[in-house]
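Chain by chain, the residues:
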Amino acid sequence: MTIDDLKNFVVLYQTRNVSDAAVELLMTQSALSKRIHAMENELDAKLISTKNKRHLTITESGEVFFRYAETILTQYDMLTNELSEYRELKKGTLNIGSIPVLSPYGIMDKLNRFMTDYPQINIRLQELEGNELLEKLQTNQLDLGILRSVQTSLLNKSQFHFIDIYRDELKIIMAANHPLAKKQKIAMKDLTNTDVVVLSPGSGIYERVGKLSHQIFVSQPLILKR
C-alpha cells in the first residue's frame, strides 16, 4: 500500500463515486477499482460497497480506514514540508567555527541579522584558535569556518570553497617615543634585536611573522612573544 493508495481512497470517500474520483485522480475507473480491490485484499477488509450502482457506500471498516488515511496523509505532508525546509536551508543547525574576530569586525551583527531572517535555523558558534579550527573543518565537524587567509593554504582547495569577507593588513604598534616611530616605513630588518609581541601559535599570524623573520634574520631572528 502506498501514499497514492491512501490519497485515492480519500478522494473516493469524498466523491462517493468511482467515475468522479477517477476523473479527479486522472485515472481510469478500471485502474482505480483495481487499486481499491488490492487494498481491500491487503487489509482483509471490505472498504466500500457497490451494491447501489448509482451511489457507493463506505463500510464501517472504510470509515475507520478513512480516519487513519487522513491522519497519515497529514503527517506525510508535514514530513515532506519539513524536509523541504532543510533542503532549502530554511531549517536546521549551522555549525560555525571562528577565530576571535567576531566583535572587532562586526561579524556578530551580521550573524544576528541572519538569525532574524532565518529564525528556524539553529546556529552553534565556537571561537577557536586557528589550528583547532582547521582540524575541525578537515574532519567535517564544522559547516563553516571564519579564519585568516594565511591559514587557508593548509586546506584542500578542491574540498572547500573560499570567500573573502574582509581584507586586513598587519601593522606595527609601538610607543610614540620609540626610535622607529618617526620613520614613514619600517622594514623587517629594522626590527633586529627587537621583542615583537604577536598572536599565539596557531593563529596564522605567529607563523607568518616567524617565517618572515627566519628568511631575513637567519643568524639573528626576531624574538617573538605571545
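Residues numbered from 1 in each chain as written. Predicted model: local features only at pLDDT ≥ 70, side-chain atom pairs only at ≥ 80, totals over all residues. Heavy atoms only, no water.

A few words now on the sheet that holds strand 5 (residues 144-146). Sheet architecture is open: three strands sit in the order 4-3-5, paired in parallel fashion. Single-partner strands in this sheet number two, and they are strand 4 (121-127) and strand 5. Averaged over all neighbouring strand pairs, the angle between strand axes comes to 20 degrees, with direction disregarded. As defined by bridge partners, strand 3 (residues 92-98) adjoins strand 5 across three bridges and the pair is classed as parallel. By the bridge assignment for strand 5, G97 is matched with G145. Contacting strand 3, strand 4 and strand 5, helix 6 (residues 130-138) runs over the sheet at an angle of about 160 degrees to strand 5. (Pairing = 2+ DSSP bridges. Helix = DSSP H or I, 4+ residues; strand = E, 2+ residues; numbered from the N terminus. Axes fitted to C-alpha atoms, helices over the stretch in contact; angles between N-to-C directions. Contact = heavy atoms within 4.5 Å.)

Attention shifts here to the pattern of salt bridges. Tallied over the full model, the rule gives two salt bridges. Between R35 and D5 there is a salt bridge, and its shortest N-O distance comes to 2.6 Å. Placement of the pair is R35 in helix 3 (residues 29-43) and D5 in helix 1 (residues 3-15), with a sequence separation of 30 residues. Under the relative-accessibility criterion, D5 is labelled buried at 3%. For E40, the salt bridge is made with K46, and the minimal N-O distance between the two is 3.8 Å. (Salt bridge = Lys/Arg side-chain N within 4 Å of Asp/Glu carboxyl O. Buried < 20%, exposed > 50% of the residue type's maximum accessible area, 1.4 Å probe, protein only.)

Our next topic: the packing of aromatic side chains. Evaluation of the coordinates by the stated rule reveals three aromatic pairs. Ring geometry for F9 and F65: centres 5.0 Å apart, planes at 85 degrees, overall edge-to-face. Of this pair, F9 sits in helix 1 while F65 is found in helix 4 (residues 60-87), placing the two residues 56 residues apart along the sequence. When the ring of F114 is compared with that of Y118, the centres are 4.9 Å apart and the planes differ by 35 degrees; the resulting orientation is tilted. Judged by relative accessible area, Y118 falls into the partly exposed class, the value being 36%. Positioned above the aromatic ring of Y13, the side-chain terminus of R16 is 4.4 Å from the ring centre. (Phe/Tyr/Trp six-rings, centres within 6.5 Å; stacked < 30°, edge-to-face > 60°. Lys NZ or Arg CZ within 6 Å of the ring centre and 35° of its normal.)

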